[in-house]
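Commentary on secondary and tertiary structure
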Amino acid sequence: MNRTQWASVTAVVLALLFAGGAVTVASADRDGDAPRTPTAESADAGFARDMAVHHQQAVEMSFIVRDRTKDEAVRRLAYDIANTQANQRGMLLGWLDLWGLPKVQAGVAPMTWMGMGVDLGGEDGELMPGMATRAELDQLRRASGREAEVLYLKLMTEHHKGGIHMAQGCVERCVPGVERDLAQGMVDAQESEITLMADMLKERGD
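Let me sum up the structure you'll find in this document. (Residues numbered from 1 in each chain as written. Predicted model: local features only at pLDDT ≥ 70, side-chain atom pairs only at ≥ 80, totals over all residues. Heavy atoms only, no water.)

1. Observations regarding the environment of V104
Tracing the backbone through its elements, the reader meets V104 in the loop between α3 (72-99) and α4 (134-142). For V104, a relative accessible area of 68% translates into the label exposed. For the pair V104 and R49, spaced 55 residues apart in the sequence, the C-alpha separation amounts to 6.7 Å. (Helix = DSSP H or I, 4+ residues; strand = E, 2+ residues; numbered from the N terminus. Buried < 20%, exposed > 50% of the residue type's maximum accessible area, 1.4 Å probe, protein only.)

2. What to know about the pattern of salt bridges
A complete count under the given rule lists eleven salt bridges for this structure. Of the charged contacts, one joins E72 and R75 as a salt bridge, the two residues approaching to 3.9 Å between their closest N and O atoms. Taken together, the residues span about one helical turn, with E72 and R75 both in helix α3 at a distance of three residues. For D206, the salt bridge identified is with K154, shortest N-O distance 3.4 Å. Remark: K154 occurs in helix α5 (residues 145-173) and D206 occurs in the segment after α6 (178-203); sequence separation between them is 52 residues. The exposure class assigned to K154 is partly exposed, which follows from its relative accessible area of 41%. Overlapping salt bridges, with partners in common, bring together D71, E149, E203 and R204 in one network. (Salt bridge = Lys/Arg side-chain N within 4 Å of Asp/Glu carboxyl O.)

3. A few points about the nonpolar core
Counting 52 residues, the largest nonpolar core has F47, M61, L92 and Y152 as the members making the most contacts within it. Taken together, the elements giving at least two residues each to this core come down to α2 (43-66), α3, α4, α5 and α6. Looking at this core, the element that brings in the most residues is α5, giving twelve residues. Here Y152 is in contact with M61, S62, V65, V74, L77, A78, I81 and L140, once residues within four sequence places are set aside. (Core = buried A, V, L, I, M, F, W, Y, C linked by side-chain atoms within 4.5 Å. Contact = heavy atoms within 4.5 Å.)

4. So, α6
Across its 26 residues, α6 extends 37 Å between first and last C-alpha, which sits within 8% of the 38 Å expected from 1.5 Å per residue. Where α6 is concerned, the buried positions are E179, L182, A183, M186, V187, Q190, E193, I194, M197, M200 and L201. Contact partners of the buried residues in α6: α2, α3 and α5. Remark: G205 follows α6 within two positions and exhibits a positive phi of approximately 80°. (Expected span 1.5 Å × (residues − 1).)

5. Some remarks on the packing of aromatic side chains
Between two aromatic rings, the relevant description is the distance of the centres plus the angle of the planes. Taken as a whole, this structure holds one aromatic pair when the rule is applied. Seen in terms of ring centroids, F47 and W113 are 5.9 Å apart; in terms of plane orientation they differ by 75°. Their pairing is edge-to-face. Of this pair, F47 sits in helix α2 while W113 sits in the loop between α3 and α4; the two residues are 66 residues apart in sequence, bridging distant segments of the chain. As far as burial versus exposure is concerned, F47 and W113 are alike and both buried. (Phe/Tyr/Trp six-rings, centres within 6.5 Å; stacked < 30°, edge-to-face > 60°.)

6. A few points about the packing of α2 against α3
Two elements in contact, α2 and α3, have axes whose closest approach is 8 Å; the angle formed by their N-to-C orientations is 155°. Relative to α3, the element α2 lies roughly antiparallel. Between α2 and α3 the crossing geometry is left-handed. Of the residues contributing to the contact of α2 with α3, the split by class is 19 nonpolar, five polar and five charged. (Axes fitted to C-alpha atoms, helices over the stretch in contact; angles between N-to-C directions. Parallel < 35°, antiparallel > 145°, perpendicular 65-115°, else oblique. Left-handed = near helix turned anticlockwise from the far one by under 90°. Nonpolar A, V, L, I, M, F, W, Y, C, P; charged D, E, K, R; others polar.)

7. Describing the packing of α3 against α5
Close contact between α3 and α5 brings their axes to 11 Å; oriented N to C, the two are set at 35°. Considering only the axes of α3 and α5, their crossing is left-handed. Residues V74, L77, A78, I81 and Q85 of α3 lie in contact with α5, whose contacting residues are E149, Y152, L153, M156 and H160. Taken together, the residues that form the contact of α3 with α5 break down as seven nonpolar, two polar and one charged.

8. Considering the state of the cysteines
Enumeration according to the criterion identifies one disulfide in this entry. Across a sulfur-sulfur distance of 2.2 Å, C170 and C174 are joined as a disulfide pair. Here the S-S torsion is close to -120°, and the disulfide linking C170 with C174 is therefore left-handed. With respect to class, C170 is no different from C174; both count as buried. (Disulfide = S-S within 2.5 Å.)

In structure tokens form, the structure reads like this:
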């Protein structure tokens, strides 16, 4: 399957998932149950906001390393992560639009919806656990070849660990439905990628 075909398939899948989310919300309201449209303070909305930010950095790091190495295995992994997380980010932001909720909640620390209220200061860009600092991103931009590969794999491993922790929080707290299913999919996929990256680091002597 070429990239054009893959993009078409991805678009169809995203459309179906997004429609499924809309149907879930609408049907709950029609049935007279407790309101199913998430509030701004809900786990559903908090996860969508925070994971969208978390994913954006993974996409950024992946594009950086693709320009800093010619290693096909690393470039392929980076492409897969960038493509997957960019699509997921679009879904998360789309749900916030569907719910009529802001994409940024001023005055609320990241991961408050998990009962954590993480405040890492953010002075160097590390907004949530696992996220790289601006200094680390600059280091990745300056690196090349094996150095860039190793740094990317290490940074992305930590990034995935933070992402898994947050996604697991949604699995435990979000309303059953497509968003919680997506969160579980993130846990499964990123755990698998952590194993892959550990093997790739061993191949490079790290």
